[in-house]
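Here's the letter readout for the chains.
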Amino acid sequence: MSLPVLYSFRRCPYAIRARLALRYADVPYALREVALRDKPADMLTLSPKGTVPVLHLPDGRVLEQSLDIMQWALAQADPQGWLTVAPLDDMRSLILLNDTQFKPLLDRYKYPERHPMQDRTTYRQQALDCMLVDLNQRLRRHTHLFAAQPCLADMAIVPFVRQFAQVDRHWWDHNELDALRNWLHSLTTSSLFEAVMAKP
Ligand SMILES: N[C@@H](CCC(=O)N[C@@H](CS)C(=O)NCC(=O)O)C(=O)O
C-alpha cells in the first residue's frame with residue numbers, strides 16, 4: 001500500500017503544523033525533507049508554487065496548503081476533538097490573523113535588516129499588538145486558546161509563536177506574557193511536538 005508523501009522542511013512553521021496534525025491523527029506518511037534552495041523536481045511538478053508543506057495522497061490528490069493538510073488529517077481521525085473544541089470559523093479566523101497579519105511582522109522582527117523602515121523593537125511591539133497580547137488574554141482565561149483543551153488553532157499557531165520566542169530568548173523569558181509563555185512551553189515540550197521536530 002502506498003503512503004501519502006509529505007514534502008516538508010523541518011523548521012518551517014507551516015510544515016510543523018501539518019506534521020503535528022498528521023501525527024496526532026496517526027496517519028502514516030513518507031517524509032520528504034526538502035532543501036528550500038534546491039526543491040525536488042517531483043514536488044515542483046505536483047505543486048509549482050514551490051512552498052512546503054505539500055501532501056501527495058495515494059489517490060493522486062495534492063494538498064498544497066498547510067491548513068488543508070491539517071483539516072484532511074483531522075478528517076481521518078480526531079481523537080481529542082481538535083476540530084470540535086470551538087466553532088471552525090472562529091478557529092480559522094484566528095489562524096488567518098496569524099498567517100496574514102502576524103507572520104509578516106514575525107518576519108520583520110526576525111530580519112529587521114531586510115525591512116529597514118523600522119527597528120526590531122518596533123516590529124516586536126507591532127507583533128504583540130497584532131496578536132500576541134490577545135492570545136495571552138485568552139490564555140489567562142483557559143489553558144488553551146479556546147478552552148482547557150487544545151484545538152486546531154493552538155496547533156496551527158504555536159509553531160509561529162515558537163519562532164517569535166526564539167528571536168530574543170532573554171526578552172521572551174522575562175516579558176509579561178506569562179500565560180502565553182506557559183502555553184508555548186507546555187505545547188512545545190509535549191511528546192507530540194518533540195516527535196515532529198525530531199531530526200530526520
Ligand atoms: N500558505 C502556505 C505557506 C507555506 C510557506 O510559505 N512555506 C515556506 C517555508 S516556511 C516556503 O515553502 N517558502 C518557499 C521558499 O522559501 O522557497 C501554507 O500554508 O502551506
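Structure: see above.
What you see is a predicted model, and the numbers here were worked out from it, not measured in a lab. (Residues numbered from 1 in each chain as written. Predicted model: local features only at pLDDT ≥ 70, side-chain atom pairs only at ≥ 80, totals over all residues.)

A. Inspection of helix H8 (residues 178-188) at higher detail. Leu180, Trp183 and Leu187 are the residues of H8 that are buried. The buried residues of H8 occupy one face: seen down the axis, they fall within an arc of 60°. Across from the buried face of H8, at angles greater than 90 degrees, the exposed residues are Asp178 and His185. The inward-facing, buried residues of H8 abut helix H5 (120-141), helix H6 (152-167) and helix H9 (191-197). (Buried ≥ 20, exposed ≤ 12 C-beta atoms within 10 Å, placed from the backbone. Helix = DSSP H or I, 4+ residues; strand = E, 2+ residues; numbered from the N terminus. Arc of directions from axis to C-beta. Contact = placed C-beta atoms within 7 Å.)

B. A look at the environment of glutamate 33. Topologically, glutamate 33 is positioned in strand S2 (residues 30-33). Glutamate 33 sits 51 residues away from threonine 84 along the chain, and the two C-alpha atoms are 31 Å apart. Once you skip the residues sitting within four places of it in the chain, glutamate 33 turns out to touch Ser8, Phe9, Arg10 and Pro200.

C. Seen up close, the nonpolar core. Membership of the largest hydrophobic core comes to 52 residues, with the highest contact counts inside it found for Ala18, Ala21, Met70, Ala127, Leu152, Ala153 and Ile157. Contributing elements (two or more residues each) for this core: strand S1 (5-8), helix H1 (13-24), strand S3 (54-56), helix H3 (66-76), helix H4 (88-110), H5, H6 and H8. In terms of residue count, the dominant contributor to this core is H6 (10 residues). Counting only domains with at least three residues in this core, you end up with domain 1 (5-79) and domain 2 (88-191). (Core = buried A, V, L, I, M, F, W, Y, C linked by C-beta atoms within 7 Å. Domains from an automatic or database assignment.)

D. Just the sheet that holds S1, in detail. Reading across the sheet, the four strands line up as S2-S1-S3-S4 and stay open at both edges, with mixed pairing between neighbours. Two strands in the sheet have a free side with no partner beyond their single neighbour: S2 and strand S4 (62-63). Note that S1 and S2 share four bridges and pair parallel. Counterpart to tyrosine 7 in the pairing with S2 is arginine 32. (Pairing = 2+ DSSP bridges.)

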